[in-house]
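# Per-entry structural report
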Amino acid sequence: MAPSTSRRSGTHEAPATAPRFAAAWAALVYAVGTLALGFPALAGRFLVSPTSDQYIAGYAFREFAASQLRATGAMPLWNPYIFGGMPFVASMNGDLFYPTALLRLVVPTDVAMTWAFMIHIFLAAFFTYLFLRAWGLGFLPSLAGGLAYMMGGPIASYVAPGHDGKLYVSALTPLVLWMLVRGMRDGRSWAWGVIAVTVGLATLSPHPQLLQYMLLVSGAFALWLAFGGGEGGHPPRDVALRRLGIALVAVVIGILMGAVQYLPVLHYVPWSPRASGLKGWDFATSYSFPPEELINTVVPQFTGMLDGYWGRNNIHLHSEYLGVVVLALAVLGFGCLRRKRERGAERGAVPRASFARFWMGVLVIALLWSLGRYTPFFALVYAIVPGTKFFRAPSTMFYVVGLALAVFTALGVERVLARDVTRRFAVGWAIAGAVILLLGVTGALTSLAEAIAPAERAAMVQDNAAALLAGAVRSAVVVLIASGVLFALATDRLAGRTGALVLIVLAAADLWSIERIYWPFSPPASVIYAADPTIEYLRSHGDEPGRVLAVPLAPVQAPNDPFYKGDALMAHRIRQVLGYHGNELGRYDVLLDKQEGYRQVVNPQLWRLLNVKYLLTNVGQIELPGSARVAGPAINAAGDSAYLYTLPGDNPAAWVAPVIVKAADDAVLATVLDQRFDPRRAALFDTSAAVEGKQISALPEPSPVTVRVGRYDPGHIELDLSGPAPRGSALVVSENYYPGWEATADGKPATIGRTDFVLIGVALPEGARHVSLRFASVPYEHGKVVSIIALLAALALVAGGITLDRKRHG
């Protein structure tokens, strides 16, 4: 595969020089790269970190959805296992409707989650390759661009924090760009349907913030293709406007594909902790990219990696390392900003200047955006870009920086193939490598870190000093090797193709040496969430519904023990008072006083109200009259001690109250928290409930009618009364109320409403003996219909486009 012209011609390798089965060879390279990072998956290991949300909660959510789908054929709409019960789809629990969720129906959930990450790392590279090839870059440049994107820190490190939704959108972004080339530039009608499907998948990821970024980048690219497409020209204005209109329709169809997820979410917002709406500047700029962390793009150990991080953000589980070889190639690619196709250049050579300028603009804007509060630029973004006020972490835009640098890496490899490399450039990088080495060995980098580190993390800088020195030496050595290759190219000691191959392999090895650290594999889920005697006891007593208060009363060995601080109990179908989510029902948070650290969980009044029967903790003795240890000592799967106690009181799952009283929220909240109030003596309904309340001067005695639970499944509860319901009485069920719950009494519709601030209340017809509760979601059903119609429309666009193109070109 020789260069198309001489080394100083300014033209580059044309697509026709690609090897046979080029796409297959590229796919093989990317598959090898993916397995080089994730080979433990082949032995059944689980790609999850003990510090990630996937470990704490994500696995439980996905396993619950998969098991319910297998058992019932339908997506569960209610989650009874955390925070007193909450809507499942509406509260957003990850990629419930994304295609990789189907893997969880045929293989274990942890295996499916692992391979979903790996598949999308591969796709990030392959779609980038296809985009670059479609634009006209050669095989090796496109191959290098895909490797730079997939193995760079912004993409490859998504697995450490468990950010699968971000990875999905990042992988789909170059696919949209590829389709825009085919649709806007080449006039391929089938591309519009693929764009609709791709936007739909990104919408269902579900990560709305990166979806916004993808749409902004692809929208800018579409406009550039329509009106500024460079030296190669652009379509006539009327054609450009028509194609832009079709692209907009495709995007709308794609967004509508997400209705099954987002219509329930929109209905839920007023009930969630985020009901207050806009969070303001501080929220929108939280987790901005501190400027000093740009040093991590060259020396990834500067602010410390993973647990060694000392920087200004509270959480930093990802990598910004872009690769020193990639940066060298990208800087070489910057030379295309001023190059145009020369007169007499070979037909098929593609002009690069306008293309490079567009991506330089993307690079600069994405970088400034990522810096967030640290530059005045983000104030403009905050003021004019819709949706910005709802999102935090502008640093997530950095993935676009990685994509832009991947483009320039490909352009740089084109120049390498043409041996369009100067001695000055090679020597400049040798000097850069020497400077990095000098800064490392003299301790200058550590001194800089000490000067800017937060005071409370100063000790971590010293702890990181050895790693920083090793990292600086590593980066310097790689730079010096790369500069040697570049010098050999500049002095005609190395052929362009050979030099390109060496630099590509060196770039991949450089990135692999860092990003593999961000691929934490754990034992299978059956091991890390394994049952212990306390869990076995709870499961054996599952016919007696009761919630578990899981709180450590002594320091834990595992900082993120999912049995105490997460949702591991949910994976065993054990209902708990708390859990880990962040989008639970807002009223439930108010009841438990989340702002003060859920201090009400120690209130026996709440135990009675919320059906709390057990305490799971890590101490062997507690001073609580009426409690008794029923299981333990044990060691849970996270390595912490586990003891299970019964809590005092009856604390039933449901009871009959003899009278209905309607009262305002403030009064109800104060009453139910008062230990003098017995919830069995009155059901305190919301004032808007369609029930008839009574004015009473004194609370009556509790009803003699008791309640037996016949069924307590997600979204379906069956209850039997020990006797006929007295006139004017109400059934109170210790499950959170939310619109969608419906009740029948002896087979006939019964009035339902919110009672005791958060719970389900049913006004009982006189004489009723059996009550059935079911949860349904009208927004979900409507959203499902809209999503199906949108998907069919997108597929019709693909099929119609293929047919039209065949007629046009046949």
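It is worth spelling out the overall build of the protein at this point. Secondary structure assignment for the protein yields 28 helices and 19 strands. Structurally, the protein occupies a C-alpha span of about 100 × 65 × 50 Å along its principal axes. Among the 810 residues that make up the protein, the fraction classed as buried is 59%. Partitioning the intrachain contacts of the protein with sequence separation of at least 6 by distance along the chain shows that 77% fall at a separation of at least 24. Carbon and sulfur atoms make up 61% of the accessible area of the protein, which amounts to about 31600 Å² in all. In the protein, 65 positive and 54 negative side-chain charges are present, and the distance between their average locations comes to 12 Å.

With that settled, the discussion passes to the confidence of the model for the protein. The predicted coordinates of low-pLDDT regions are not to be read in fine detail. Averaged over the protein, the pLDDT score is 93; the fraction of residues at 70 or greater is 95%. Low pLDDT, under 50, characterises residues 1–16; the predicted model gives this stretch 48 contacts beyond four residues in sequence or across chains.

With respect to the helices, strands and loops of the structure, Glu63 is situated in helix H2 (residues 53–72). In contact with Glu63, not counting residues within four places along its chain, are Thr109, Ala571 and Arg573.

Here we come to the sheet that holds strand S15 (residues 741–745). Here five strands make up an open sheet; going across it, the order is S12-S13-S19-S15-S16 and the pairing antiparallel. Either end of the sheet is taken by a strand with one partner, and the two such strands are strand S12 (707–713) and strand S16 (748–750). The sheet shows a mean angle of 25 degrees between the axes of neighbouring strands, taken without regard to direction. The pairing of S12 with strand S13 (residues 716–721) spans six bridges and is antiparallel. Counted as the bridge partner of Val707 is Leu721 from S13.

In a structure, side chains of opposite charge can pair up when their charged atoms sit close to one another. This model, assessed by the stated rule, comprises 28 salt bridges. Arg680 is paired through a salt bridge with Asp678; the nearest N and O atoms lie 3.0 Å apart. Judged by relative accessible area, which is 36%, Arg680 ranks as partly exposed. The salt bridge partner of Asp686 is Arg754, with a shortest N-O separation of 3.0 Å.

Our next topic: the nonpolar core. Counting residues in hydrophobic clusters, the biggest one holds 151 residues, and the most contacted among them are Tyr30, Phe131, Phe221, Trp359, Tyr399 and Trp519. With residues up to four places along the chain from it excluded, the contact list for Tyr30 reads Phe122, Ala125, Phe126, Tyr129, Ser142, Leu143, Gly146, Leu147 and Met150. Judged by nonpolar contacts, the second largest core, of 91 residues, contains Phe61, Phe83, Leu684 and Phe775.

Quick look at the sheet that holds strand S7 (residues 628–635) now. Read from one edge to the other, the open sheet built from four strands follows the order S5-S6-S8-S7, with strand pairing classed as mixed. Strands at the two margins of the open sheet, each flanked by one partner only, are strand S5 (547–550) and S7. Direction aside, the axes of adjacent strands within the sheet are offset by 20 degrees on average. As paired strands, S5 and strand S6 (residues 612–617) are joined by four bridges and run parallel to one another. Residue pairing across strands places Arg547 opposite Val612, the latter belonging to S6.

What follows deals with unusual backbone geometry. Most peptide bonds adopt trans geometry, and most residues besides glycine take a negative phi value. The omega torsion of the bond from Ser205 to Pro206 falls at -20 degrees, within 30 degrees of zero and hence cis. Tracing the backbone shows Pro206 in the loop between helix H7 (190–203) and helix H8 (208–227). The step from Gly632 to Pro633 runs through a cis peptide bond, and the omega angle for that step is 10 degrees. Assignment of secondary structure puts Pro633 in strand S7. Positive phi outside glycine occurs at Asp492, with the angle close to 65 degrees. When its relative accessible area of 43% is taken as the criterion, Asp492 is described as partly exposed.

Quick notes on the rules
- Residues numbered from 1 in each chain as written.
- Predicted model: local features only at pLDDT ≥ 70, side-chain atom pairs only at ≥ 80, totals over all residues.
- Heavy atoms only, no water.
- Helix = DSSP H or I, 4+ residues; strand = E, 2+ residues; numbered from the N terminus.
- Buried < 20%, exposed > 50% of the residue type's maximum accessible area, 1.4 Å probe, protein only.
- Contact = heavy atoms within 4.5 Å.
- Areas by Shrake-Rupley, 256 points an atom, 1.4 Å probe, with all protein chains shown as cover.
- Lys, Arg positive; Asp, Glu negative; His and termini not counted.
- Charge placed at Lys NZ, Arg CZ, Asp CG, Glu CD.
- pLDDT = per-residue confidence, 0-100.
- Pairing = 2+ DSSP bridges.
- Axes fitted to C-alpha atoms, helices over the stretch in contact; angles between N-to-C directions.
- Salt bridge = Lys/Arg side-chain N within 4 Å of Asp/Glu carboxyl O.
- Core = buried A, V, L, I, M, F, W, Y, C linked by side-chain atoms within 4.5 Å.

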